[in-house]
Amino acid sequence: MCGIVGYLGNGSAVDVWDGKCFTDVNASGVDARDGEFFTGVTSEAMPVLFDLLKKLEYRGYDSAGIAILNDENGEIRTFKTEGSVGDLISITPELGGRIGIGHTRWATHGKPSTKNAHPHSDGTGRIALVHNGIIENYAEIKDKLIESGHEFRSETDTEVLPHLIEEYYDGNLESAVRNALSMVRGSYALAAISVDDPGRIVVARKDSPLVIGLGDGGFFVASDVSGILKYTRDVVFMNDGEIGVITDAGIDITTLEGVSVEKKIETIEWDPEAAEKSGYEHFMLKEIFEQPDTIRDTFSGRISADGIDLGVALPNVRRIVIIACGTSYHAGLFGRYVLERFARIPVDVEIASEFRYTDPIIDCGDLVIAITQSGETADTLAAVREAGSKGSQKLGIVNMLGSSITRECQCLLTRAGPEIGVAATKSFTSQLACLLLLSVQLGKARKTLSTADVNDFVYELKQMSGNIQRVLNSAPDIRKCATMFADADQFLFMGRGANYPAALEGALKLKEISYIPAEGFPAGEMKHGPLALIYDGVPVVAIATKDPVYEKTLGNIKEVKARGATVIGIANESDTEIAKYVDYVLRIPDTDPWIAPVLSSVVLQLFAYYVAHHRGCEIDKPRNLAKSVTVE
Ligand code: AGP
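Structural notes, computed from the coordinates. All values derive from a computational prediction rather than experimental measurement.

1. Structural notes on the overall build of the protein
On a plain count of helices and strands, the protein comes out with 18 helices and 28 strands. The C-alpha atoms of the protein give a radius of gyration of 26 Å, which matches the 26 Å a tight globule of 632 residues would have. With the principal axes as the frame, the protein shows a C-alpha extent of 80 × 50 × 50 Å. Looking at the protein residue by residue over its 632 residues, the buried ones come to 60%. Residue pairs in contact within the protein that sit at least 24 positions apart in sequence constitute 72% of those at least 6 positions apart. When the accessible area of the protein is evaluated, it comes to approximately 23400 Å², of which 48% is carbon and sulfur surface. When the 62 positive and 88 negative side-chain charges of the protein are each reduced to one mean point, those points stand 6 Å apart.

If you want it as structure tokens, here you go:
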């Protein structure tokens, strides 16, 4: 996700000086500005936009830019750079003008660079636009625009928007935006300005958040309220399919079809820090609840009537070797199940810190898949380099475009957006989603999946986002169950098949934020040792969703119950049997057995969160852990 901002000043002064924003240092460590340059009070757009961008930098921080419309001289001046908002401030001269837009980027199409940074403009430079979202059909639009003479400067999907708007521009920016959006499939929160239509900002929203603040100093546009709370608490939330025109006279909002919409002005009570978490108490909880959207982004533009296209070259290889650490390793274990089942290709899964020192037997007949949220994990990077030195082909599954792994090999982006909580949540389910897509694409290519199988499975994939939302709606039940066990001194997790990696991940989530010892096992393995850990009342989480080994898992539940365990079963909504065998049931919607582990993982993320919350743990920054382990 990215952050977009806009400001239409009304000439009265606003106080941007907060002792923090403009004393920020830029990349070279030199004070980007001193207090004198940016007086505490201004009616110019630039200082306000910088301030808004600083507040939204957590949404994306690989590049940034602003565009200011000086409606006195009828000029748009745009400055943008790879790097932070501080870097942007350091390269931007003082720009006059009371209207402007800005952007801080989390790259999804086109690596982090100055040319790919927003704002983007049409060929004439008379329109500037910032965008958060994904234009699914940008390639076909771009081809048509190039055929009609448009020249593109960036690798981004976004750049098609200002060129489309230019195509439709007939003196009215709003109608040009409306017509352009009628050609677009995908998600967007956008803000556009034009020298030919001065004195206004046109905004639009579909599947990406956008809010307009109404303040004494003018109107403020931002991706979320954390950017504007300092200036105003009175806001209007844009809804999907709405277009807004902001002028000195006020805000006029219509649907894409042009029907006028009455909007309620809401007053936000959050403090700025709470706003950055969208009102959630912790980033981890916010990120758990973002998963219906992030899964939608992961799938966006990759599933069509023709099947699945991940946009990466998939060599025909003898074997796949998945390399990863921690949560990403658990995703890899899940990947083995689905890749072997759908693509009938042998898969090994290796912990990166082990693999790199085993003098691995690997060559050009192997495809190494490195799964890493950060793209910076030292062990994973070293392991990929080791594999590459032996001739293996390489593919990364990564969340951070521009990270080191993207310079090692071609990468498939998970598109989960910045993940602030140390405990991986949304990045994990997006990794699983990517592995499911990869398995189906390979299965179709290798003819190990019939077209009917692919179509049936793709239908279920399209339900995933809504099914995750249904799991999130059951959060109160999960919380009630979790708090009953918050004082347990250990937990066991078990599952069979693709539920086994979900059990391991559930154990890791719990232990890393609640500090309670927790271990995951293949359910069939309990009798070979772990049963010794069972005593009266010990909590065992059993993932028993409907799949070919469901009855076997029930048998394992009976084993631990017979020895005194208290069992929390995770089961399908339609399962009428499970309650006879367990003490508590947490439900997931009925879905394909290969997709069920994704939903069960969301249940276990919430379970871990509520246990840790009840114990008063430091959830977003657990002791001894870092978000990205860039050392051995
Ligand atoms: C999981 O919650 C932890 N944050 C940790 O295990 C993490 O998954 C591991 O360090 C790997 O990180 P990566 O995905 O960025 O490579």
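2. Details of the site of the ligand
Near the ligand there are 14 residues, and of these Ser328, Thr372, Ser374, Thr377 and Glu512 occur at the shortest range. At 2.6 Å from an oxygen atom of the ligand is found a side-chain nitrogen or oxygen belonging to Ser328. Ala424 is positioned such that a nitrogen or oxygen atom in its backbone is 2.8 Å from an oxygen atom of the ligand. For the ligand, whose unbound accessible area comes to 410 Å², protein coverage reaches 91%. The set of elements that each furnish at least two residues to the shell around the ligand consists of helix H9 (326-343) and helix H16 (499-514).

3. Description of the sheet that holds strand S24 (residues 491-495)
If you walk across this open sheet you meet the five strands as S25-S24-S26-S27-S28, and the pairing is parallel. Every interior strand has two partners, whereas the edge strands, strand S25 (518-522) and strand S28 (584-588), have only one. Each neighbouring strand pair of the sheet contributes to a mean axis angle of 20°, computed without reference to strand direction. Pairing of S24 with S25 involves five bridges; the strand directions are parallel.

4. Topic: the pairing of strand S11 (residues 211-215)
Across a regular strand the side chains alternate sides, sitting on one face of the sheet and then on the other. As paired elements, S11 and strand S13 (residues 234-237) share three bridges and run antiparallel to each other. Among the inter-strand pairings, Ile212 is bridged to a residue of S13, identified as Val236. Pairing of S11 with strand S12 (residues 218-222) involves five bridges; the strand directions are antiparallel. The residue of S12 that forms the bridge with Leu214 is Phe219. Connecting S11 to the antiparallel partner S12 that follows it, the hairpin turn spans two residues.

5. Considering unusual backbone geometry
Geometrically, the link from His118 to Pro119 is a cis peptide bond, its omega value of 5° lying close to zero. By the secondary structure assignment, Pro119 is in the loop between strand S6 (99-105) and strand S7 (120-121). In the Ramachandran plot, Tyr515 falls in the positive-phi region, its phi being about 65° despite a non-glycine side chain. Along the chain, the position of Tyr515 falls in the loop between H16 and S25.

6. Let's talk about the packing of aromatic side chains
Taken as a whole and judged by the stated rule, the model has ten aromatic pairs. Between Phe485 and Phe491 the ring centres are 6.3 Å apart and the planes differ by 65°, which places this aromatic pair in the edge-to-face class. An aromatic cluster of three or more residues is present, and its members are Phe485, Phe491, Phe493, Tyr584 and Phe607. Here the basic side chain of Lys546 rests over the ring of Tyr550, its NZ or CZ set 4.9 Å away from the ring centre.

7. What about the packing of H9 against H16?
At a minimum axis separation of 8 Å, H9 and H16 run at an interaxial angle of 170°. As far as their axial angle goes, H16 and H9 are roughly antiparallel. Residue-level inspection shows Gly326, Thr327, His330, Leu333, Phe334 and Tyr337 of H9 in contact with H16, the latter providing Tyr500, Pro501, Leu504, Glu505, Leu508 and Lys509. Its residues assigned to classes, the contact of H9 with H16 shows seven nonpolar, three polar and two charged.

8. Describing the packing of H16 against helix H18 (residues 596-614)
The contact between H16 and H18 brings their axes to 9 Å, and the two run at 15°. Classified by the interaxial angle, the pair formed by H16 and H18 is roughly parallel. Crossing geometry of H16 relative to H18 is assigned as right-handed. Counting all contacts with H16, which are made through Asn499, Ala502, Gly506, Lys509, Leu510, Ile513 and Ser514, the residues of H18 involved are Pro597, Ser601, Leu604, Gln605, Ala608, Tyr609, Val611 and Ala612. Here the contact of H16 with H18 is built from residues that sort into nine nonpolar, five polar and one charged.

9. Some remarks on the environment of Pro292
Locating Pro292 in the fold gives a position in helix H8 (residues 291-299). The class for Pro292 is buried, based on a relative accessible area of 5%. Along the sequence, Pro292 and Asp157 sit 135 residues apart, while their C-alpha atoms lie 22 Å from each other.

10. Points about the nonpolar core
Counting residues in hydrophobic clusters, the biggest one holds 91 residues, and the most contacted among them are Ile320, Leu461 and Phe491. Among the elements that take part in this core, H18 stands out by supplying 13 residues, more than any other. Ignoring any residue separated from it by four or fewer positions in sequence, one finds Ile320 in contact with Leu339, Ile345, Pro346, Val347, Asp348, Leu367, Ile369 and Leu442. Formed by 32 residues, the second largest nonpolar core is a distinct cluster that contains Val14, Leu49, Leu52 and Ile68.

11. A few points about the pairing of strand S26 (residues 539-543)
Taken across its five residues, S26 has five buried, putting it largely inside the fold. Alignment of S24 against S26, held across three bridges, turns out to be parallel. Bridge pairing links Met494 to Ala542 in S26.

12. Description of the environment of Ile243
On the secondary structure map, Ile243 appears in strand S14 (residues 242-247). Residue class for Ile243 comes out buried when judged on its relative accessible area of 0%. Ignoring any residue separated from it by four or fewer positions in sequence, one finds Ile243 in contact with Glu174, Arg178, Leu181, Val202, Val203, Ala204, Met238, Asp252, Ile253, Thr254 and Leu256.

13. A word on the pattern of salt bridges
Inspection of the entire model under this criterion finds 29 salt bridges. When the shortest N-O distance is used, the salt bridge between Arg205 and Asp240 registers 2.6 Å. Taken together, the residues span a long stretch of sequence, with Arg205 in strand S10 (residues 201-206) and Asp240 in the loop between S13 and S14 at a distance of 35 residues. Ionic pairing is found between Glu419 and Lys627, a salt bridge with its closest N-O pair at 2.7 Å.

Conventions adopted
- Residues numbered from 1 in each chain as written.
- Predicted model: local features only at pLDDT ≥ 70, side-chain atom pairs only at ≥ 80, totals over all residues.
- Heavy atoms only, no water.
- Helix = DSSP H or I, 4+ residues; strand = E, 2+ residues; numbered from the N terminus.
- Rg over C-alpha atoms; globule rule 2.2 N^0.38 Å.
- Buried < 20%, exposed > 50% of the residue type's maximum accessible area, 1.4 Å probe, protein only.
- Contact = heavy atoms within 4.5 Å.
- Areas by Shrake-Rupley, 256 points an atom, 1.4 Å probe, with all protein chains shown as cover.
- Lys, Arg positive; Asp, Glu negative; His and termini not counted.
- Charge placed at Lys NZ, Arg CZ, Asp CG, Glu CD.
- Near = heavy atom within 4 Å.
- Polar contact = N/O pair within 3.5 Å; in protein donor to acceptor, adjacent residues only side chain to side chain.
- Pairing = 2+ DSSP bridges.
- Axes fitted to C-alpha atoms, helices over the stretch in contact; angles between N-to-C directions.
- Phe/Tyr/Trp six-rings, centres within 6.5 Å; stacked < 30°, edge-to-face > 60°.
- Lys NZ or Arg CZ within 6 Å of the ring centre and 35° of its normal.
- Parallel < 35°, antiparallel > 145°, perpendicular 65-115°, else oblique.
- Nonpolar A, V, L, I, M, F, W, Y, C, P; charged D, E, K, R; others polar.
- Left-handed = near helix turned anticlockwise from the far one by under 90°.
- Core = buried A, V, L, I, M, F, W, Y, C linked by side-chain atoms within 4.5 Å.
- Salt bridge = Lys/Arg side-chain N within 4 Å of Asp/Glu carboxyl O.

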